[in-house]
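# Working through the structure, step by step
Take a look at the letters that make up each chain.
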Amino acid sequence: MVGFYISKTVCNVLGFLYPAYKSFKAVKGGDYAEQKKWLMFWVVQGAFSFAEFYGDIFISWLPMYYEAKIAFVIWLLHPQSQGAELVYEKFVVPFLTEHERAIDTQLTNAGREAERRLTEASQETAEQLRKHGMHILQKGSELVREKLQERLLEGGQGSSSQGSAGAAIEPRHNDGAVDTSRCVM
C-alpha cells in the first residue's frame, strides 16, 4: 500500500521533474513534434494537478487511490500509450474549445481587477508613507540623537573634560594620539 508521501514524491518526480527535463531537451533540440508533445503533456498535467488537489481531499480514502495516481502519471508519460496526447485530444481540446470565450473573458476581467486592486493598494501605501513617513523619520532622528548623547555622556564621565565651547574633548594618550577605545559607533 502506497501512502500520501510516497505517492506525492513519485508523482512529482514522474509528473514534473522528468517532463521538465524532456521539455528542456525538446526546446533545446528545436524538434517541433517533441515540443508539441510536451506542451500537450503540460496542459494535461495542469488539469490533473487541479483535479488531484480535490481528489486528495474528497476521495483519497478509496482503496488504491494513491496507486491509481501513480499509474495514471505513468500512463500519461509512456510512449506506447501516448496517454497525454489521448487525454488532450479527447477531453481537453473539446472542453477548452467549448468554453474558450468565457475563459478568455474571465481571465481578462481578473487581470483588470488585479491591476485595479494593485494600483489602489500602491496608492494607499504611498499615501500612508507620505502621511506617516516624515513622522517616523523625525522620531527616528530624535531617538538616534538621544542615544548618541547618552553614549557621549557615558563615555565622557571622569575621563574627558569640557572645552570652552562646551564640546567634549577626546582623551589622549601620552604620545598625543586620540584614545579610540571609548568611541561608540
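Before reading further, recall that the structure is shown in the block above.
Our subject in this report is the structure included herewith. (Residues numbered from 1 in each chain as written. Predicted model: local features only at pLDDT ≥ 70, side-chain atom pairs only at ≥ 80, totals over all residues. Heavy atoms only, no water.)

## Remarks on the overall build of the chain
Secondary structure summary: the chain contains four helices and zero strands in total. Split into buried and exposed, the 185 residues of the chain put 17% on the buried side. Across the chain, contacts joining residues at least 24 apart in sequence account for 51% of those joining residues at least 6 apart. (Helix = DSSP H or I, 4+ residues; strand = E, 2+ residues; numbered from the N terminus. Buried < 20%, exposed > 50% of the residue type's maximum accessible area, 1.4 Å probe, protein only. Contact = heavy atoms within 4.5 Å.)

## Considering the packing of aromatic side chains
Tallied over the full model, the rule gives twelve aromatic pairs. Relative to Y5, the ring of F4 has its centre 5.1 Å away and its plane inclined at 80°; by these criteria the two rings are edge-to-face. F4 sits in the partly exposed class, given a relative accessible area of 33%. Taking relative accessible area as the criterion, Y5 reaches 67% and is therefore assigned exposed. Plain terms: the ring middles of F16 and W42 are 6.2 Å apart, the flat faces sit at 35° to each other, and that makes the pair tilted. Taken together, the residues F16 in helix α1 (residues 4-29) and W42 in helix α2 (residues 32-58) connect sequence positions 26 residues apart. Each residue in the set F16, Y18, W38, F41 and W42 is aromatic and connected to the rest through ring pairs, giving one cluster. (Phe/Tyr/Trp six-rings, centres within 6.5 Å; stacked < 30°, edge-to-face > 60°.)

## Concerning the side chain of E85
Relative to the helices and strands, E85 resides in helix α4 (residues 83-156). Within the buried core, E85 has no salt-bridge partner, and the shortest N-O distance to an opposite charge, that of K37, equals 5.3 Å. In contact with E85, not counting residues within four places along its chain, are K37 and M40. (Lys, Arg positive; Asp, Glu negative; His and termini not counted. Salt bridge = Lys/Arg side-chain N within 4 Å of Asp/Glu carboxyl O.)

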